[in-house]
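Below, each chain spelled out in residue letters.
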Amino acid sequence: MSNKMWGGRFGAAPDAIMQEINASIDFDRKLARQDIAASKAHVAMLRAQGIVTPQAAGDISTGLSTISGEIAAGSFTFSRALEDIHMNVESRLATLAGADAGRLHTARSRNDQVAVDFRLWVRDTADALDAQMRDLQVALATRAREHAKTIMPGFTHLQTAQPVTFGHHLLAYVEMLARDRARLKDARVRLNECPLGAAALAGTSFPIDRHMTARELGFDRPTANSLDSVSVRDFALEVLSCAAICAMHLSRLAEEIVLWVTPQFGFVALSDAFTTGSSIMPQKRNPDAAELVRGKTGRIYGALTGLLVVMKGLPLTYSKDMQEDKEGTFDALESLSLCLAAMRGMILDLTVDARRMKKAAGAGYATATDLADWLVARLNLPFREAHHATGRLVAMAEARGCGLEDLTLEEMNSVHPGITAGIYAVLGVRRSVESRVSYGGTAPKNVMSQARRWLARLTKEVKAEATKEPGA
Ligand code: ARG
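Let us look at the structure shown here. Just so we're clear, the structure is a prediction, and the values are computed from it rather than from any experiment.

Concerning the environment of F155
Piece 1. Along the polypeptide, F155 turns up in strand β1 (residues 151-156).
Piece 2. Exposure remark for F155: the relative accessible area of 28% places this residue in the partly exposed category.

Structure representation (structure tokens):
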């Protein structure tokens, strides 16, 4: 059978391999909802502009609703011979609405059709991801408030650096997610223009109203250049970039969880809900969810790189290469969604061994900076000199195999005669964190107020969302 859509020009059916390489229905069926919404907006516009009769428009619209119902019910038959979602829907519409169904494609091409469908999908998905990022922020800030005072070692080079609080550490990720969301929001501003009506590439001679379809589909305005409209996928690339950066943040947190749950660290534990056992080693409890969050980051980067490469050599306007935009984007954004959900689950699930964390916080001379700061503040030493004196005390403690707080005053005085017993007060980890009151510092009272500030802000956002009219 020759093709229904271009059978006028073509006499024979495509080769089986041609069909195999050409068909996208196996994955672009995911765009069904968007495709039907865009077609409905298009036909309403055609009718308003007097391009199709109210009768034809009504039949088409009813047919599209029927198809929508069939797809939702799982009774719609997707056919690979019909190549993609656009032709699958149109073909079924022909059965339902008769010859008038063919009027739907007036002043439209699959090029602007796929461009609008894909934009809608990316936009809807980005919005859903934003809500998930917010939910993860809520989880992190909730645990941060609970652990505003819980002391843990802070690291640089993965070496014990200075004591911090666990709440402070978690709030670092709340900040990262805030920027991830801001990036997404910013990308959405540029994404939210409607390419429908660009037709194949040059626009159309029909008196269409692109502002109407744009409005109908929730876009801010129609795109301004028909060639650009059907040529670009930068909206997807931007969202994929946002996804890649967010995934990188999640991956770092995942890596930390992987470290923290080892018997060597033992800072936190995950329950049965977020771990797996080993088929051979009965003692094992593996943080698979965290490892997979870390691992899935690879495919998200892959999708971004893949699409950049697909697009880089394409002359304007549409080329079939662009059909390769979908699978990677679908997979990447769906993977990120899963990662966000899993991370939220783990953050809410994890239990903290505060004693172990605190003990580790004091190991490795973590309060050496506090000691140096004391020398500066009390003895008015220049910081470099204080750093040097402290270094000698650390070496001394190391040689004795003890902590800084275990050095006698005599030993301290051998390094600097001005040191008094008052110094011992700053060698404890609690005093150390409590003293870090500079803006953005780790002092528990800072952490508490930041956690509260975040929770108030996020809760307000959730409430505003809940009272918003659906579809608004
Ligand atoms: N399935 C195609 C895609 O995803 C739709 C656009 C086809 N356009 C064309 N001129 N062949 O890109």
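Describing the environment of A182
Piece 1. Tracing the backbone shows A182 in helix α7 (residues 166-191).
Piece 2. On the basis of relative accessible area, A182 is assigned to the partly exposed category, the value being 44%.
Piece 3. Between the C-alpha atom of A182 and that of D130, which follows or precedes it by 52 residues, the distance is 9.2 Å.

A word on a nonpolar patch on the surface
Piece 1. A contiguous nonpolar patch, built from L201, L227 and L316 and spanning about 270 Å² of accessible area, is present on the exposed surface.
Piece 2. Topologically, L316 is positioned in the loop between α11 (288-312) and α12 (326-349).

A look at the side chain of T125
Piece 1. Topologically, T125 is positioned in helix α6 (residues 110-146).
Piece 2. Within the structure, T125 has its side chain in polar contact with the backbone oxygen of W121 (distance 2.7 Å).

Comments concerning the packing of aromatic side chains
Piece 1. Scanning the model with the defined rule gives seven aromatic pairs in all.
Piece 2. Between the aromatic rings of F118 and F235, the centroid separation amounts to 5.8 Å while the plane-to-plane angle is 70 degrees, which identifies the pairing as edge-to-face. Of this pair, F118 sits in helix α6 while F235 sits in helix α10 (residues 234-260), placing them 117 residues apart in sequence.
Piece 3. Ring plane angle 75 degrees and centroid distance 6.3 Å describe the contact between F118 and F330, whose orientation is recorded as edge-to-face. One end of the pair, F118, is in helix α6; the other, F330, is in helix α12, and 212 residues separate them in sequence.
Piece 4. With a relative accessible area of 0%, F118 lands in the buried category.
Piece 5. Members of the aromatic cluster, joined through ring pairs, are F118, W121, F235 and F330.
Piece 6. Over the aromatic face of F118 sits the side chain of K326, whose NZ or CZ is 5.9 Å from the ring centroid.

Digging into unusual backbone geometry
Piece 1. Here the amide bond leading from L316 into T317 is cis, since omega sits at 0 degrees, within 30 degrees of zero.
Piece 2. Within the secondary structure, T317 is located in the loop between α11 and α12.
Piece 3. In this model, L158 sits at a positive phi of 55 degrees, which is unusual for a non-glycine residue.
Piece 4. Checked against the element boundaries, L158 lands in the loop between β1 and β2 (159-165).

Side note on the pattern of salt bridges
Piece 1. Taken as a whole and judged by the stated rule, the model has 28 salt bridges.
Piece 2. Among the ionic pairs, R80 bridges to E20, the shortest N-O distance being 3.3 Å. Residue R80 is found in the loop between α4 (54-73) and α5 (85-97), and its partner E20 is found in helix α1 (residues 16-22); the two are separated by 60 residues along the sequence.
Piece 3. Where R233 meets D325, a salt bridge forms, and the shortest distance between an N and an O atom there is 2.6 Å. Remark: D325 occurs in the loop between α11 and α12 and R233 occurs in the loop between α9 (226-231) and α10; sequence separation between them is 92 residues.
Piece 4. In this structure R233 comes out as buried when scored by relative accessible area, which is 2%.
Piece 5. Residue classification places D325 among the buried residues on the basis of a relative accessible area of 1%.
Piece 6. The structure contains a network of salt bridges with shared partners spanning E83, D84, R110 and K320.

Scoring rules and cut-offs
- Within each chain, residues carry numbers counting from 1 in the order of the written sequence.
- Local features in this predicted model are restricted to residues of pLDDT 70 or higher, and side-chain atom pairs are both shown and tallied only at a pLDDT of 80 or more, whereas totals for entire chains, interfaces and linings draw on every residue.
- The basis for the side-chain values is all heavy atoms of the structure; hydrogens and waters are excluded.
- By the criteria applied, helices consist of DSSP H or I runs no shorter than four residues and strands consist of E runs no shorter than two, each listed in order from the N terminus.
- Think of it in three bands: with a 1.4 Å probe and only protein chains considered, a residue is buried below 20% of the maximum accessible area for its type, exposed above 50%, and partly exposed in between.
- The patch calculation keeps residues exceeding 30% relative accessible area without a salt bridge and links them within 9 Å when they carry like charges or within 5 Å when they are nonpolar (Val, Leu, Ile, Met, Phe, Trp, Tyr).
- Areas reported as accessible are Shrake-Rupley estimates using a 1.4 Å probe. Residue values count occlusion only from the protein chains shown.
- Basic side-chain nitrogens of Lys or Arg form a salt bridge, by our definition, when they fall within 4 Å of a carboxyl oxygen of Asp or Glu.
- Under the rule applied, a polar contact is a pair of N or O atoms within 3.5 Å (in protein, one hydrogen donor and one hydrogen acceptor; residues adjacent in sequence only if both atoms are side-chain atoms).
- Only rings of Phe, Tyr and Trp enter the pairing, Trp through its six-membered ring, and a pair is recorded when the two centres are within 6.5 Å. The plane angle decides the type: under 30 degrees is stacked, over 60 is edge-to-face, the rest tilted.
- By definition, being over a ring means that NZ of Lys or CZ of Arg is both within 6 Å of the ring centre and within 35 degrees of the ring normal.

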